[in-house]
Amino acid sequence: MSEYITMQEIDEARDAINLQTALKPEIGIVLGSGLGDFANSVENPVIIPTNEIPHWPVSTVAGHKGHLVIGMIKQKPVIVLQGRTHFYEGHSISRIGFPIRVMQRLGIQTLILTNAAGGINSNFSAGDLMILTDHIALAGMTGSNPLVGPNLDEFGPRFPDMSKTYTPELIALAQQISDENRLGCQNGVYVWLSGPSFETAAEIRFLRAIGADAVGMSTVPEAIVASHGGLRVLGISGITNKVDPDGTNMASHEEVLAAGKTIVPKLITLLNAVLAKL
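Note that the coordinates shown come from a computational prediction; the quantities given were computed from them, not determined experimentally.

**Student:** Could you clarify how one ought to interpret the overall build of the protein chain in this entry?
**Tutor:** Helix and strand counts for the protein chain stand at 8 helices and 9 strands. By the compact-globule yardstick of 19 Å for 278 residues, the protein chain fits well, its C-alpha radius of gyration being 17 Å. Considered along the principal axes of its C-alpha atoms, the protein chain spans approximately 50 × 40 × 35 Å. When burial is assessed residue by residue, the protein chain has 57% of its 278 residues classed as buried. Across the protein chain, contacts joining residues at least 24 apart in sequence account for 84% of those joining residues at least 6 apart. Carbon and sulfur atoms make up 51% of the accessible area of the protein chain, which amounts to about 11,500 Å² in all.

**Student:** Explain the nonpolar core here, please?
**Tutor:** A general tendency of soluble globular proteins is for nonpolar side chains to be buried together. Counting 74 residues, the largest nonpolar core has Ile-17, Leu-68, Leu-111, Ile-112 and Leu-270 as its most contacted members. For Ile-112, the residues in contact, after removing those within four places along its chain, are Ile-27, Gly-28, Ile-29, Val-30, Leu-234, Ile-236, Leu-271, Val-274 and Leu-275. If you look at the next biggest cluster of nonpolar residues, it comprises 10 residues, including Leu-207, Ala-212, Val-215 and Val-243.

**Student:** Teacher, can you tell me more about the packing of aromatic side chains here?
**Tutor:** Both the distance between ring centres and the angle between the ring planes are used here to describe each pair of aromatic rings. What the rule picks out here adds up to 1 aromatic pair. Here Trp-56 and Phe-98 contribute two aromatic rings whose centre-to-centre distance is 6.0 Å and whose plane-to-plane angle is 90°, an arrangement assigned as edge-to-face. Residue Trp-56 is found in the loop between β2 (43–49) and β3 (67–73), and its partner Phe-98 is found in helix α3 (residues 98–106); the two are separated by 42 residues along the sequence. Grouping residues by exposure puts Trp-56 and Phe-98 together as buried. Taking NZ or CZ as reference, Arg-95 lies 5.9 Å from the ring centre of Phe-98, over its face. Lying across the ring of Phe-155, Arg-101 places its NZ or CZ 4.4 Å from the centre.

**Student:** Explain helix α7 (residues 220–228) to me, please; I cannot follow it from the model alone.
**Tutor:** Each full turn of the α-helix corresponds to 3.6 residues, which orients residues three or four apart in the same direction. Judged by how many residues are buried, α7 sits mostly within the fold: 9 of 9 residues are covered. Burial in α7 covers these residues: Val-220, Pro-221, Glu-222, Ala-223, Ile-224, Val-225, Ala-226, Ser-227 and His-228. Looking one or two residues beyond α7, the residue adopting positive phi is Gly-230, at roughly 80°.

**Student:** Please clarify how empty space enclosed by the protein should be interpreted in this entry.
**Tutor:** Empty pockets left among the atoms are what a rolling probe the size of a water molecule brings to light. Going through the model one piece at a time under the given rule, you end up with 2 cavities of 30 Å³ or more. Estimated volume of the largest cavity: approximately 110 Å³. Along the wall of the largest cavity there are 15 residues; nearest its centre are Ser-94, Arg-101, Pro-146, Pro-150 and Leu-152. Split into classes, the residues belonging to the lining of the largest cavity amount to 8 nonpolar, 5 polar and 2 charged. In this structure, the second largest cavity spans a volume of roughly 50 Å³. If you trace the second largest cavity, you find it lined by Arg-84, Thr-85, His-86, Phe-87, Ile-96, Trp-192, Met-217, Ser-218, Thr-219, Pro-221 and Glu-222. A breakdown of the residues in the lining of the second largest cavity according to their chemical character gives 5 nonpolar, 4 polar and 2 charged.

**Student:** Explain the pairing of strand β7 (residues 186–192) here, please?
**Tutor:** One face of the sheet, then the other: side chains in a regular strand alternate in exactly this way. Counting buried residues along β7, 5 of its 7 residues qualify, which places the element largely inside the surrounding structure. When strand β6 (residues 129–136) meets β7, the two strands line up parallel, connected through 6 bridges. Along β7, the bridge assignment pairs Met-130 with Gln-186. In this structure, β7 lies alongside strand β8 (residues 214–216), joined through 3 bridges in parallel fashion. Bridged to Trp-192 within β8 is Gly-216.

Cut-off values and rules
- Residues numbered from 1 in each chain as written.
- Predicted model: local features only at pLDDT ≥ 70, side-chain atom pairs only at ≥ 80, totals over all residues.
- Heavy atoms only, no water.
- Helix = DSSP H or I, 4+ residues; strand = E, 2+ residues; numbered from the N terminus.
- Rg over C-alpha atoms; globule rule 2.2 N^0.38 Å.
- Buried < 20%, exposed > 50% of the residue type's maximum accessible area, 1.4 Å probe, protein only.
- Contact = heavy atoms within 4.5 Å.
- Areas by Shrake-Rupley, 256 points an atom, 1.4 Å probe, with all protein chains shown as cover.
- Core = buried A, V, L, I, M, F, W, Y, C linked by side-chain atoms within 4.5 Å.
- Phe/Tyr/Trp six-rings, centres within 6.5 Å; stacked < 30°, edge-to-face > 60°.
- Lys NZ or Arg CZ within 6 Å of the ring centre and 35° of its normal.
- 1 Å grid on protein atoms, 1.4 Å probe; cavity = no way out; pocket = protein on both sides within 12 Å on 5 of 7 lines; lining within 4 Å.
- Points joined across faces, edges and corners; volume = space filled by probe spheres on them.
- Nonpolar A, V, L, I, M, F, W, Y, C, P; charged D, E, K, R; others polar.
- Pairing = 2+ DSSP bridges.

What follows is the structure, encoded as structure tokens:
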């Protein structure tokens, strides 16, 4: 398999999915670690294991089932990725954007990205939801940008603007819904690290100093690819743990998955209301 994805591979995956369903999704949703239960909200679902889709990068991480779920939520046709892939799993950085490219070729116009994240902002608590207002692509800034390689002109320009990666209207809508439902959503900047090791205390102090509110190992490559393709993007982090800069709070993946169970009910309320109003 080539390091860089091609239009032929993207369209072969799209065609394989179209053989399974005639539904034309308008909204794509990517579910992060421990958040996969939201896929149970899909009505009359068509469930496709992603390892049966040509060229699709396979997820190997606990809490990521590796299913593509297509159906209806709040009378909106959706395609839900129940289990994403990550750069640290060994896929090329170009491959991480493959699912988003395929979703766009299937017809989506809006992408909702969710993740589990560590809270850096001292005002955050485990169990909070954070609406992404911006991101810091730290791994991308050091060479691992998903747009590296031949540009796919069918999607966007060689040098895309990223000043409004997360759509202001969607941020405002999510905040309005949070206020109406008393969800207490935070707003903030998400920083993407390549992983899979969690951060040192010194790294957390550095991330806080550069303006990060939450930290994780996903989402940003997908957001970059989506923005390059002209999609509207909403990002939501589930804060699974507070990351202390003094190094006293040790993180674990088990903690992330356990926290997801408390975050999912709030996430379902938020996403269902967002989908209803789109």
